[in-house]
Amino acid sequence: MNEIKKEEEKSLNFLEEIVEEDLEAGRTRTVLTRFPPEPNGYLHIGHSKSICLNFGLAQKYGGKTNLRFDDTNPVTEDTEYVESIKEDIKWLGYEWANEFYASDYFEQLYQFAITLIKKGLAYVDDSTSEQIAQQKGTPTEPGKESPYRNRSVEENLQLFNDMREGKYKDGEKVLRARVDMSSPNMHMRDPILYRIKHAHHHRTGDSWVIYPMYDFAHGQSDSIEHITHSICTLEFVPHRPLYDWLIKQLEIFPSHQYEFARLNLSYTVMSKRKLLQLVNEKHVTAWDDPRMPTISGLRRRGYTPESIRMFAEKIGVQKRDNLIEVGLLEFCIREHLNKIAQRRMVVFDPVKVVLTNYPEGEEILKSEDNPEDPDTTYRDIPFSRELYIEREDFMENPPKKFFRLSPGQKVRLKSAYIIQCDEVIKDEAGNIQELHCSYLPGTKSGGEHANMKVQATIHWVSIPHAITAEVRLYDRLFRVENPASEEGDFKDYINPDSLQVLPTVYAEPALKTAKFDERYQFLRKGYFTLDKDSSEEKMIFNRTVTLRDNWAKEQKKA
RNA sequence: UGCCUUAUAGUAUAAUGGUAGUACGACAGAUUCUGGAUCUGUUUGUCUUGGUUCGAAUCCAGGUAAGGCAACCA
């Protein structure tokens, strides 16, 4: 309810404005968008901006969104990618109205080409790719017309048919639009519409040897589907005149293209090519490595769809280039995980505590699974004479603002007792072996002296009851904010410490039943989720994100 | 030295000729059985020069800067 109200008060982004104007002016009665991935790689967080935009816009105005695979280049595309893309979109929480493929329209597109030829607006060109590049000129000089530009309609029809029949080899001929070789817009200088590729297509098999180019597939597919608002990224702005020209000459449904600035995220890269390189050259383990900005990587890392949708909402949409701080993404996931994560206690770097005045045996204590949840459940935690606490939670000679355990000082053990440190036991080298402490019996959580004030509460595990697990701590993949804009190879800026593995950490027994779809907060440590590498013998947890840490900040200042 | 797009706090994003606001961050404090969460407060901005106007972030003109465009990729 609250959220809906907020939404109503919120100002519109420029795409929503366009849609509302179109609706008001009666230019359209419905909103139909599409998400048009090429199945040649995995989706990343940048795509999720586009997905949320396309699906979100349609949803908001009671419209629908098609999923359309832009599969016009058989040599790079594969069904493996089709499947991963569908999975990622569903996971993000969106449902497409129709699953289409540009390749569904190959015959229709071929007929469109014939229409153009008949109108004298397309011709078969025998020039080589180098010659065509020459003819195009440069941005500052006009192009030259191809010697094949003025072939007759009949000849073009025949040659184009022969292209389809497979009478020519790859690269021998192309079909070009006949527009304007002196246009200041390079894309209008007789762009290529069809090329010959004797290649196996993931859906049409070997039935075609000519394939349409992006410019002769995308807009036409939009039009065939009656897409009202075709939303793409900024690099397609110069294609728009061609998009409009083709639709006009073909006299087909007038879809319109609108462009927004793609997402850039700090400390990572966002191009399929670069991500593919990271995978191929083994800088990461796979497309779904939890350090990757892919949707599958984020999912494995423990991000939730809700958090990614919140992120997309918060970054907004505009036409100016941007570099979003990864901190905003982290804010979004913390925001969600804080509400849903089950709290557990896990000690990463243990130091042994012996409670000298605590009897042998055990005691079962209760602790809330999530203090943020008013209806929280409680779990049992065994307590005993010998415990582990975090080594960094004890300091022999603490600085002023250190609130945790130190000789003679008291600290609260979460959901248990207040303890006091009496003696520090060291080995010959002076390393701390264990801490001898006494507990204050009346200070048990909920007990009569539970309100006694101490500076800090720390987490702990009972040694005889502890279970072990592996923990994988992730940091940003790159050392610099914008690796793509740095001098030289972006891979030179990879952060060598992006993964830290702790093979053995000690956890309270309740974690034994950890589930893959459950999110956990390891108290004072961060948010974690079970990794798919886990086995019956060994649980492995990925750190999704740390908790905010003001103490660390304080230390940095000092 | 062509064409296109863009320019508002550190980062994003509003204000659609009429009080420059919001979020994240940063800083300070309150509170807390997580140095988490929560709450309160503070800080910082209209690229530049002119013009139109009672009034300009907004309209106009010139500059500047950033990004894009010359794949048989999408």
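Reading the values: the criteria
Residues numbered from 1 in each chain as written. Chains lettered and ligands numbered in written order. Predicted model: local features only at pLDDT ≥ 70, side-chain atom pairs only at ≥ 80, totals over all residues. Heavy atoms only, no water. Near = heavy atom within 4 Å. Polar contact = N/O pair within 3.5 Å; in protein donor to acceptor, adjacent residues only side chain to side chain. Helix = DSSP H or I, 4+ residues; strand = E, 2+ residues; numbered from the N terminus. Nonpolar A, V, L, I, M, F, W, Y, C, P; charged D, E, K, R; others polar. 1 Å grid on protein atoms, 1.4 Å probe; cavity = no way out; pocket = protein on both sides within 12 Å on 5 of 7 lines; lining within 4 Å. Points joined across faces, edges and corners; volume = space filled by probe spheres on them. Salt bridge = Lys/Arg side-chain N within 4 Å of Asp/Glu carboxyl O. Buried < 20%, exposed > 50% of the residue type's maximum accessible area, 1.4 Å probe, protein only. Pairing = 2+ DSSP bridges. Phe/Tyr/Trp six-rings, centres within 6.5 Å; stacked < 30°, edge-to-face > 60°. Lys NZ or Arg CZ within 6 Å of the ring centre and 35° of its normal. Disulfide = S-S within 2.5 Å. Contact = heavy atoms within 4.5 Å.

Caption draft 1: Local environment of the protein's contact with RNA strand B. Around RNA strand B, the structure places 65 residues, and the nearest of them are Glu 17, Arg 343, Arg 404, Ser 445 and Asn 550. The sugar-phosphate share of atoms of RNA strand B within 4 Å of the protein amounts to 63%. Here a base nitrogen of RNA strand B and a backbone polar atom of Ser 129 are 3.4 Å apart. Mapped by element, the contributors of at least two residues to the surface near RNA strand B are α6 (129–136), β6 (192–196), α12 (305–315), α13 (326–340) and α14 (550–557). Element by element, the count of residues in the surface near RNA strand B is highest for α14, at four residues. Its residues assigned to classes, the surface near RNA strand B comprises 21 nonpolar, 21 polar and 23 charged.

Caption draft 2: Summary view of empty space enclosed by the protein. Considering all chains together, one arrives at one cavity of 30 Å³ or more under this definition. Put simply, the largest cavity is a space of about 60 Å³. Every residue lining the largest cavity is listed: Tyr 214, Asp 215, His 218, Gly 219, Gln 220, His 239, Tyr 243, Leu 246 and Gln 257. For the lining of the largest cavity, the secondary-structure elements that each account for two or more residues are α8 (218–225) and α9 (240–250). Looking at the lining of the largest cavity, the element that brings in the most residues is α8, giving three residues. Looking at side-chain class alone, the lining of the largest cavity contains three nonpolar, five polar and one charged residues.

Caption draft 3: Here's a closer look at the pattern of salt bridges. Scanning the entire structure with this criterion turns up 46 salt bridges. In this structure, Glu 16 engages Lys 60 in a salt bridge whose closest nitrogen and oxygen atoms are separated by 3.4 Å. Of this pair, Glu 16 sits in helix α2 (residues 14–24) while Lys 60 sits in helix α3 (residues 45–60); the two residues are 44 residues apart in sequence, bridging distant segments of the chain. Of the charged contacts in the structure, one is a salt bridge between Arg 379 and Glu 508, with a shortest N-O distance of 2.8 Å.

Caption draft 4: Inspection of unusual backbone geometry at higher detail. Despite not being glycine, Glu 251 has its phi angle at roughly 55 degrees, a positive value. For Glu 251, the location among the structural elements is in the loop between α9 and β9 (256–260). Judged by its relative accessible area of 65%, Glu 251 falls in the exposed class. Although it is not a glycine, Lys 282 sits at a positive phi angle of roughly 60 degrees. Structurally, Lys 282 is set in the loop between α10 (272–280) and α11 (295–301).

Caption draft 5: Quick peek at the sheet that holds strand β12 (residues 350–355). In spatial order, the strands read β19-β16-β17-β18-β12-β15-β20; together these seven strands make up an open sheet with mixed pairing. Among the strands making up the open sheet, the edge pair consists of β19 (457–458) and β20 (460–462). Two strands pair when backbone bridges link them, and strand β17 (residues 418–426) and strand β18 (residues 432–440) are joined in this way by eight bridges, in the antiparallel orientation. By the bridge assignment, Ile 419 is partnered in β18 with Tyr 439.

Caption draft 6: Geometry of the pairing of strand β24 (residues 526–530). Within β24, five of the five residues are buried, which leaves the element mostly enclosed by the surrounding structure. The alternating pattern of β24 places Gly 526, Phe 528 and Leu 530 and Tyr 527 and Thr 529 on opposite faces, both of which are buried. Bridge count between strand β23 (residues 520–522) and β24: three bridges; the pairing is antiparallel. When the sheet's bridge partners are listed, Phe 522 is paired in β24 with Gly 526. Between β23 and β24, which pair antiparallel in sequence order, lie three residues; one of them, Arg 524, sits at a positive phi of approximately 65 degrees. Pairing of β24 with strand β25 (residues 540–545) involves four bridges; the strand directions are antiparallel. Counted as the bridge partner of Phe 528 is Arg 543 from β25.

Caption draft 7: A look at the environment of Gly 442. Locating Gly 442 in the fold gives a position in the loop between β18 and β19. On the accessibility criterion, Gly 442 (22% relative accessible area) is partly exposed.

Caption draft 8: A look at the packing of aromatic side chains. This structure, assessed with the given rule, holds 26 aromatic pairs. Pairing Tyr 42 with Trp 287 gives two aromatic rings, centres 5.1 Å apart and planes at 25 degrees, and the pair type is stacked. Here Tyr 42 is found in the loop between β1 (32–35) and α3, whereas its partner Trp 287 is found in the loop between α10 and α11, with 245 residues between them in sequence. One aromatic cluster in this structure is built from Phe 106, Tyr 110, Phe 160, Tyr 194, Trp 208, Tyr 211 and Phe 216. Over the face of the ring belonging to Tyr 110 we find Arg 164, whose NZ or CZ atom lies 4.4 Å from the ring centre. Here the basic side chain of Arg 476 rests over the ring of Tyr 267, its NZ or CZ set 4.0 Å away from the ring centre.

Caption draft 9: Broad picture of the state of the cysteines. Within this structure, the stated rule accounts for zero disulfides. This cysteine, Cys 232, is not joined by any disulfide, and Cys 52 carries the nearest cysteine sulfur, 17 Å off. Of all cysteine sulfurs in the structure, the one in Cys 52 sits closest to Cys 332, which takes part in no disulfide; the separation is 11 Å.

Caption draft 10: Layout of the environment of Glu 38. Following the sequence through the fold, Glu 38 ends up in the loop between β1 and α3. In this structure Glu 38 comes out as partly exposed when scored by relative accessible area, which is 25%. It is 53 Å that separates the C-alpha atoms of Glu 38 and Ile 463, two residues lying 425 residues apart in sequence. Every residue in contact with Glu 38, bar those within four places of it in the chain, is listed here: Asp 70, Asn 73, Thr 76, Glu 77, Ile 85 and Lys 272. Of the polar contacts made by the side chain of Glu 38, one reaches the side chain of Thr 76; its length is 3.2 Å.

Caption draft 11: Here's a closer look at the environment of Asn 482. Tracing the sequence through the fold places Asn 482 in the loop between β21 (467–474) and β22 (499–507). The exposure class of Asn 482 is partly exposed, given its relative accessible area of 26%. Separated by 182 residues in the primary sequence, Asn 482 and Arg 300 have C-alpha atoms spaced 24 Å apart.

These figures come from the coordinates and say nothing about function on their own.
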